[in-house]
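The residues making up each chain are set out below.
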Amino acid sequence: MDWNWVFFIILAAITVTSAVAAVITSHIVRMAFYLVVCLGGVAGLFFLAGAYFLGAVQLMVYVGGTVVLIAFGVMLTARTPFVRMQTTPDQWLLGLATAATLSAVLVQANLRFPRPADPPPAVTEPAVSPGGLGTALLGLRIDAASPAEEGTDGAASLGLAYLLPFELVSVHLLTVLIGAAYLARPRRPTGTESEGRREAAWGQSGGPDAALAALAAAQDGGS
Amino acid sequence: MIDPPLTQIPLAAYLLVGVVLFVTGITCMIAKRNLIGILIGIELVLNAGTINLAAMSSPFVAGSSLPPLDGQIFALFVILLAAAEAAAALAIALTFYGGYATIDVDHGDRLKG
């Protein structure tokens, strides 16, 4: 039992208890808070596993970005300050049955996972630096060259790198952000009456400027 | 070289944390009727996946078999796509709230056949 185990048990306990608390509570705001604690615990587990850059990204993107998005969603869709979610007993029953079944299957699969027979060796390998992550995303694996193929240049490991998924993810993010902005745009209260007025104004005159002027005049006259 | 040498944590311990997060996320998706609650459940499930990926590629975990970079890059992609998914789901929630004045998913049954 050394510090690696101590920190793992502390972080795992934080993560697991806050995840369970997020399910049990019925306040949506408390759910979001427990989610923050849980994601922070997961970031700590990433640091403990040597994935330092991943832990930092988890803290910045998830705890800093996604949770703020969720908090804004809670605030924008709540009619009362303390939203309670009523979960009926049959829904709890269904959820608990699913949880028990899934736990049984997954824990059994976990226990059957092949494990090394000999006692685990002490850690000698340094963790991956963020520079290796960056070059892998740019199409070059500086870590994949094994000593056997020391003579080959870096281009031999191009096939293992992640340039194309990186580009795809960037395009995907752009598409999703445009789509989200389109979906959540504020809708002006344009009824059929004002639509008709606008089309009439467009038809009477020749151009968009004249149509806008006519529309403004019609709205002034109407109000 | 790390000094003093640390013992490696077995992979099953990390996978057990992932199991708990996955199961709680699925339960959250089933039991909550609130759209934001379902979104929080999805985030828990995605975090279970990223824990497994990071543990399977870690040099500090006994039994990890992936090369050190691959799991971390997959986990990065999962985090980025989860951020995009949260943005899109929130936009859908706001649109739903604009139309129904609630985000209880049981009320969104207009497309029911």
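In this text, all values refer to a predicted model and were calculated from it rather than measured experimentally. (Residues numbered from 1 in each chain as written. Chains lettered and ligands numbered in written order. Predicted model: local features only at pLDDT ≥ 70, side-chain atom pairs only at ≥ 80, totals over all residues. Heavy atoms only, no water.)

## Examining the overall build of chain A
Counting secondary structure elements, chain A contains eight helices and zero strands. If you list the helices and strands of chain A from N to C, you get α-α-α-α-α-α-α-α. Residue burial in chain A is summarised as follows: out of 223 residues, 29% are buried. Of all intrachain contacts in chain A linking residues separated by at least 6 positions in sequence, the fraction that spans at least 24 positions is 49%. Taken as a whole, chain A presents about 13800 Å² of accessible surface, with 70% of it coming from carbon and sulfur. (Helix = DSSP H or I, 4+ residues; strand = E, 2+ residues; numbered from the N terminus. Buried < 20%, exposed > 50% of the residue type's maximum accessible area, 1.4 Å probe, protein only. Contact = heavy atoms within 4.5 Å. Areas by Shrake-Rupley, 256 points an atom, 1.4 Å probe, with all protein chains shown as cover.)

## Considering the interface of chain A and chain B
In this assembly, 87 residues from chain A lie in contact with 76 residues from chain B. Of the roughly 7300 Å² buried between chain A and chain B, counting both surfaces, carbon and sulfur atoms make up 77%. Taken together, the connections running from chain A to chain B amount to zero salt bridges. Across the chain A-chain B interface, the total number found is eight residue pairs in polar contact (both at pLDDT 80 or more). (Buried area = accessible area lost by both parts, 1.4 Å probe. Salt bridge = Lys/Arg side-chain N within 4 Å of Asp/Glu carboxyl O. Polar contact = N/O pair within 3.5 Å; in protein donor to acceptor, adjacent residues only side chain to side chain.)

## Topic: the domain arrangement of chain A
We note that the domain assignment places domain 1 (1-83), domain 2 (89-114) and domain 3 (128-147 + 154-185) within chain A. Averaged C-alpha coordinates put domain 1 of chain A and domain 2 of chain A at centres separated by 22 Å. (Domains from an automatic or database assignment.)

## Some thoughts on the pattern of salt bridges
All names here are of chain B. Inspection of the entire model under this criterion finds one salt bridge over all chains. R33 serves as the salt-bridge partner of D106, at 3.3 Å between the closest nitrogen and oxygen. Of the two residues, D106 is situated in the segment after α3 (68-100) and R33 in the loop between α1 (11-31) and α2 (35-56); the sequence distance between them amounts to 73 residues.

## A closer look at the environment of G25(B)
All names here are of chain B. Along the chain, G25 turns up in helix α1. Classification of G25 as buried rests on a relative accessible area of 0%. Spatially, the C-alpha atoms of G25 and G98 are 27 Å apart, while their sequence positions differ by 73 residues. Ignoring sequence-local partners within four residues, the contact set of G25 consists of G41, L44 and V45.

## So, the packing of aromatic side chains
Taken as a whole and assessed by the stated rule, the structure comprises seven aromatic pairs over all chains. Between the aromatic rings of W5(A) and F8(A), the centroid separation amounts to 5.9 Å while the plane-to-plane angle is 90 degrees, which identifies the pairing as edge-to-face. Here F8(A) and W5(A) lie together in helix α1 (residues 3-24), a separation of three residues that amounts to about one turn. Judged by centre distance (4.6 Å) and plane angle (25 degrees), the ring pair of F96(B) and Y100(B) falls under stacked. On the criterion of helical spacing, the pair formed by F96(B) and Y100(B) is a turn pair, its members being four residues apart in helix α3. Of the residues examined, F96(B) reaches a relative accessible area of 16% and is grouped as buried. (Phe/Tyr/Trp six-rings, centres within 6.5 Å; stacked < 30°, edge-to-face > 60°.)

## Here we look at the packing of α1(B) against α2(B)
Residues and elements named next belong to chain B. The interhelical angle for the contact between α1 and α2, taken along N-to-C directions, is 165 degrees, at an axis separation of 7 Å. As far as their axial angle goes, α2 and α1 are roughly antiparallel. In the packing of α1 onto α2, the handedness of the crossing is left-handed. Facing L11, Y14, L15, V17, G18, L21, F22, T24, G25, I26, C28 and M29 of α1, the residues of α2 in contact are G37, I38, G41, I42, L44, V45, N47, A48, I51, N52, A55 and M56. For the contact of α1 with α2, the residue count by class is 17 nonpolar, seven polar and no charged. (Axes fitted to C-alpha atoms, helices over the stretch in contact; angles between N-to-C directions. Parallel < 35°, antiparallel > 145°, perpendicular 65-115°, else oblique. Left-handed = near helix turned anticlockwise from the far one by under 90°. Nonpolar A, V, L, I, M, F, W, Y, C, P; charged D, E, K, R; others polar.)

## A word on helix α4 (residues 89-111) of chain A
For α4(A), built from 23 residues, the straight-helix expectation of 33 Å at 1.5 Å per residue is met to within 8% by its first-to-last C-alpha distance of 32 Å. Buried residues of α4(A): Q91(A), G95(A), A99(A) and N110(A), and no others. For α4(A), the secondary structure elements touched by its buried residues are α1 of chain B. (Expected span 1.5 Å × (residues − 1).)

## Some points on the side chain of T66(A)
Mapped onto the elements of the fold, T66(A) is located in helix α3 (residues 52-76). Exposure remark for T66(A): the relative accessible area of 2% places this residue in the buried category. Not counting residues within four places of it along the chain, the set of residues in contact with T66(A) comprises V61(A), E43(B), A83(B) and A86(B).

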